[in-house]
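Descriptive structure summary
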Amino acid sequence: MDPLVTHVGYAVAGWLLLVGIYGVVSSRHLVHMCLCLAVLQASTYILLTVIGFRPHLPAPIFTDAITPAQPAVDPVIAALMLTDIVVEATVVALLLAIAVQIHKRTGSVDPNKVNVMRG
């Protein structure tokens, strides 16, 4: 495997992670916070892609032409990525629905001005 591809992939994943965390911490809008969480989650896609990348290996579809004894790309990485995509879509949809309800009840989407949970 090309070490440059690996290092660049890890660097991009780390950069997206840091940008997402900074956006969540510095956000003054609930929808912006949800989008920053989506960016943070995108770093895991890059990380899983870099981990699962194997040049010149076929997909893990075993037929008569490709026997299980031949090397193939690890199918667990692809399953993890699909699960990650489904979880991210669900979490972002839930958080956006909560942000809409907070706006309906308080009239604001600024996390510092929302006092729904204060007693």
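You'll find the structure just up there.
Residues numbered from 1 in each chain as written. Predicted model: local features only at pLDDT ≥ 70, side-chain atom pairs only at ≥ 80, totals over all residues. Heavy atoms only, no water.

1. Details of the overall build of the protein
- Helix and strand content of the protein: three helices and zero strands.
- Starting at the N terminus and ending at the C terminus, the protein contains elements arranged as α-α-α.
- Of the roughly 8200 Å² of accessible surface on the protein, a fraction of 72% belongs to carbon and sulfur atoms. (Helix = DSSP H or I, 4+ residues; strand = E, 2+ residues; numbered from the N terminus. Areas by Shrake-Rupley, 256 points an atom, 1.4 Å probe, with all protein chains shown as cover.)

2. Focus on helix 2 (residues 30–52)
- With 23 residues, helix 2 should cover 33 Å at 1.5 Å per step; its first-to-last C-alpha distance of 34 Å lies within 8% of that length.
- For helix 2, every residue scored as buried is listed here: L30, C34, C36, A38, Q41, S43, Y45, L48, V50 and G52. (Expected span 1.5 Å × (residues − 1). Buried < 20%, exposed > 50% of the residue type's maximum accessible area, 1.4 Å probe, protein only.)

3. Quick notes on the side chain of E88
- Take E88: it is sitting in helix 3 (residues 75–106).
- One buried charged side chain, E88, makes no salt bridge at all; its nearest oppositely charged neighbour is R54, positioned 22 Å away.
- Side chain to side chain, E88 and Y45 meet in a polar contact 2.3 Å long.
- Setting aside anything within four residues of it in sequence, one finds E88 in contact with A38, Q41 and Y45. (Lys, Arg positive; Asp, Glu negative; His and termini not counted. Salt bridge = Lys/Arg side-chain N within 4 Å of Asp/Glu carboxyl O. Polar contact = N/O pair within 3.5 Å; in protein donor to acceptor, adjacent residues only side chain to side chain. Contact = heavy atoms within 4.5 Å.)

4. Observations regarding the packing of helix 2 against helix 3
- Interaxial distance between helix 2 and helix 3 falls to 10 Å at its minimum, and their mutual angle equals 180°. With respect to their mutual orientation, helix 2 and helix 3 come out roughly antiparallel. Listed contacts from helix 3 to L30, V31, C34, L37, A38, Q41, T44, Y45, L48, T49, I51 and G52 of helix 2 are I77, L80, M81, D84, I85, E88, V92, L95, L96, A99 and I102.
- Each residue belonging to the contact of helix 2 with helix 3 can be placed in one class, and the counts come to 17 nonpolar, four polar and two charged. (Axes fitted to C-alpha atoms, helices over the stretch in contact; angles between N-to-C directions. Parallel < 35°, antiparallel > 145°, perpendicular 65-115°, else oblique. Nonpolar A, V, L, I, M, F, W, Y, C, P; charged D, E, K, R; others polar.)

5. Observations regarding the state of the cysteines
- Overall, the coordinates contain zero disulfides when judged by the stated rule.
- With no disulfide of its own, C36 has C34 as its nearest cysteine by sulfur position, at a separation of 9.3 Å. (Disulfide = S-S within 2.5 Å.)

6. Regarding a nonpolar patch on the surface
- A cluster of nonpolar side chains, namely Y10, L47 and I51, defines an oily patch on the protein surface of about 240 Å² accessible area.
- When you line up the elements, L47 lands in helix 2.
- With relative accessibility at 33%, the residue L47 sits in the partly exposed group. (Patch = residues over 30% accessible without salt bridge, like charges linked within 9 Å, V, L, I, M, F, W, Y side chains within 5 Å.)

7. Here we look at helix 3
- Look at helix 3: 46 Å from first C-alpha to last across 32 residues, which is about the 46 Å you get at 1.5 Å a residue.
- Along its buried surface, helix 3 packs onto helix 2.
- Where helix 3 ends, the next residue or the one after it, G107, has phi of about 80°, a positive value.

8. A look at the environment of V31
- Its place among the elements puts V31 in helix 2.
- Using a relative accessible area of 32% as the deciding quantity, one classes V31 as partly exposed.
- Each C-alpha atom of the pair V31 and A97 lies 9.9 Å from the other, and the pair is 66 residues apart in sequence.

Everything listed here is a matter of coordinates, which is why it stays silent on function.
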